[in-house]
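Okay, here's what each chain looks like letter by letter:
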Amino acid sequence: MSMRRIIFWSHLVAGLAAGTFVLIMSVTGVLLTYENQVELAITDTVKVISPDGGLQMSVEELSQLENVQSAGDRGISLTFDNRENAPVGVRAGRSGGFLLNPYTGEELTDPAEGWSAVYRQIMFIHRWLGAEGESRDTARMITGAANLVFLFLLISGAYIWLPKAWKWVFFRLNMFFRKSYPTSKARDFNWHHVFAFWAFVPLFFIVISGVMISYPWAVDLINAAWGEEGGRRGPETANDTNAEAAEMPAGDLASLDEAIAAAQTYGDKEWTRISLSLPESQTATDLPLPRHFGDRVLPQQRETLTFDRITGEITDVQTYADNSPARKTRLFLRFIHTGERYGLIGSTIAGLSSLAACFLVYTGFALSFRRLILPLFRKKPARKNA
């Protein structure tokens, strides 16, 4: 059996084994295409009307509100957007949050919450097939394995796609859709090749990044490739209480309002969003202030300022360029997975590539059905008696 035939049958068997899971991740990937853009656009429609002669509450006052303090037990943060009449965002950890009226401290209805709930459910299916609790470990193993198989399908498919003889007529027939097809088999064969050709490059990076997200060893390989050690985290930002802070009364430290004001006026970049993680200790001296100056998503448009509450100044700035090469690579792959690395155009390409993957699975199943199943139901010609 030739190498080409071995790879073909390996490709077919692997596709049948993992195709259903690849289809689930591809469909959910399409649905998640503009997740952040949709949520931000809807939330941005919320405008807070200033009462007559009313002044906004200070950051210190906002941080002490009961609904803020009870938002959660993990990393409560306040988010300030640089737009007129914008509410203050409150988040606790990675999930949960609400909008706040900065004049009254009252919670506001976030019109994007319904969308967020839907997107969370889709994400649960995308990552864990909708499993919960201990079952998620098993589901994570399945989706991780499906990512690896999908990578094999892309590479083996590219090998099978390449012609034995490099002639333009072959490329013309397998790079573009035809106007008509003599049979449904011919249509599926053509579609399988066309979608594979145009979606190969983006799908390759999407799947590679999916492998990185699924497996710690993939992160270790990236670190090793750059000669670095360590895990998934980047440069630490200060939020610890050091020995000097432990001896300094909280009343002698700069306020949270001064920290936000310093972040708003630092440098010459037009900021779009500033976040403040509420310090766990009243005597914490260093406050990390993530600041965006772009679309509020891309890592290369974000920097983390460190405000020293002793001196009342910004003492450190961590930008995307300051990350180690390994961390830059991980961030690149992380945002390539959703296409956000290149903004709206990148998200569109990622979404269309996921849609192409849906057709690849469908046409692959259809072609396999015709090759493996249909012959079992065809009547064999009767043998003539000798």
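Residues numbered from 1 in each chain as written. Predicted model: local features only at pLDDT ≥ 70, side-chain atom pairs only at ≥ 80, totals over all residues. Heavy atoms only, no water.

A. How the structure looks around the nonpolar core. Among the nonpolar cores identified, the biggest contains 28 residues, and L62, V68, L78, L100, L276, L289 and F307 are the most heavily contacted of them. For this core, the elements supplying multiple residues, two or more each, are α3 (59–63), β1 (76–81), β2 (88–92), β3 (97–100), α11 (256–265), β5 (273–277), β6 (286–292) and β7 (302–308). The biggest single contributor to this core is α11, with five residues. Residues F150, L151, A199 and A356 belong to the second largest nonpolar core, which totals 15 residues. (Core = buried A, V, L, I, M, F, W, Y, C linked by side-chain atoms within 4.5 Å. Buried < 20%, exposed > 50% of the residue type's maximum accessible area, 1.4 Å probe, protein only. Helix = DSSP H or I, 4+ residues; strand = E, 2+ residues; numbered from the N terminus.)

B. Highlighting the packing of helix α5 (residues 113–128) against helix α6 (residues 135–161). Two numbers describe how α5 lies on α6: the axes approach to 7 Å, and their chain directions differ by 70 degrees. Compared by their axis directions, α5 and α6 come out roughly perpendicular. Contacts between α5 and α6 pair F124, H126, R127 and W128 from the former with R136, A139, R140 and T143 from the latter. (Axes fitted to C-alpha atoms, helices over the stretch in contact; angles between N-to-C directions. Parallel < 35°, antiparallel > 145°, perpendicular 65-115°, else oblique. Contact = heavy atoms within 4.5 Å.)

C. Structural context of unusual backbone geometry. In the Ramachandran plot, N85 falls in the positive-phi region, its phi being about 60 degrees despite a non-glycine side chain. The topology assignment puts N85 in the loop between β1 and β2. Judged by its relative accessible area of 32%, N85 falls in the partly exposed class. Even without glycine at this site, R296 takes up a positive phi of about 70 degrees. Positionally, R296 belongs in the loop between β6 and β7. Among the residues examined, R296 registers a relative accessible area of 18% and is labelled buried.

D. Geometry of the packing of aromatic side chains. Counted under the stated rule, the structure contains 17 aromatic pairs. Measuring from ring centre to ring centre gives 5.3 Å for W161 and F197, while their planes differ by 25 degrees; the resulting arrangement is stacked. Placement of the pair is W161 in helix α6 and F197 in helix α8 (residues 184–214), with a sequence separation of 36 residues. Pairing W191 with F359 gives two aromatic rings, centres 6.0 Å apart and planes at 80 degrees, and the pair type is edge-to-face. Linking W191 in helix α8 with F359 in helix α13 (residues 343–377), this pair joins segments that are 168 residues apart in sequence. On the accessibility criterion, W191 (23% relative accessible area) is partly exposed. (Phe/Tyr/Trp six-rings, centres within 6.5 Å; stacked < 30°, edge-to-face > 60°.)

E. Region of interest: the pattern of salt bridges. Enumeration according to the criterion identifies 10 salt bridges in this entry. Linking R273 and D81 is a salt bridge whose minimum nitrogen-to-oxygen distance equals 2.6 Å. Here D81 lies in strand β1 and R273 lies in strand β5, a separation of 192 residues in the sequence. Residue classification places R273 among the buried positions, given a relative accessible area of 19%. (Salt bridge = Lys/Arg side-chain N within 4 Å of Asp/Glu carboxyl O.)

F. Layout of the pairing of β7. For β7, a buried count of six out of seven residues is recorded, marking the element as mostly surrounded by other parts of the structure. Examined bridge by bridge, β6 and β7 share seven bridges and lie antiparallel to one another. Of the residues in β7, the one forming a bridge with L289 is L305. Of the pairings in the sheet, the one linking β7 to strand β8 (residues 313–319) comprises six bridges and is antiparallel in character. The residue of β8 that forms the bridge with D308 is E313. Adjacent in sequence and paired antiparallel, β7 and β8 are bridged by four residues, among which G312 carries a positive phi angle near 70 degrees. (Pairing = 2+ DSSP bridges.)

G. Quick look at a nonpolar patch on the surface. On the surface, L16, F369, L372, I373, L374, L376 and F377 cluster together into a nonpolar patch covering about 650 Å² of accessible area. It is α13 that contributes the most residues to the nonpolar patch, six residues altogether. Along the polypeptide, L16 turns up in helix α1 (residues 3–31). (Patch = residues over 30% accessible without salt bridge, like charges linked within 9 Å, V, L, I, M, F, W, Y side chains within 5 Å. Areas by Shrake-Rupley, 256 points an atom, 1.4 Å probe, with all protein chains shown as cover.)

H. Structural context of helix α2 (residues 35–43). Listing the buried residues of α2 in full gives E35, E39, L40, I42 and T43. Relative to the axis of α2, the buried residues are bounded by an arc of 165 degrees and lie together on one face. In this structure, the buried side of α2 is in contact with β3, α5 and β5. (Arc of directions from axis to C-beta.)

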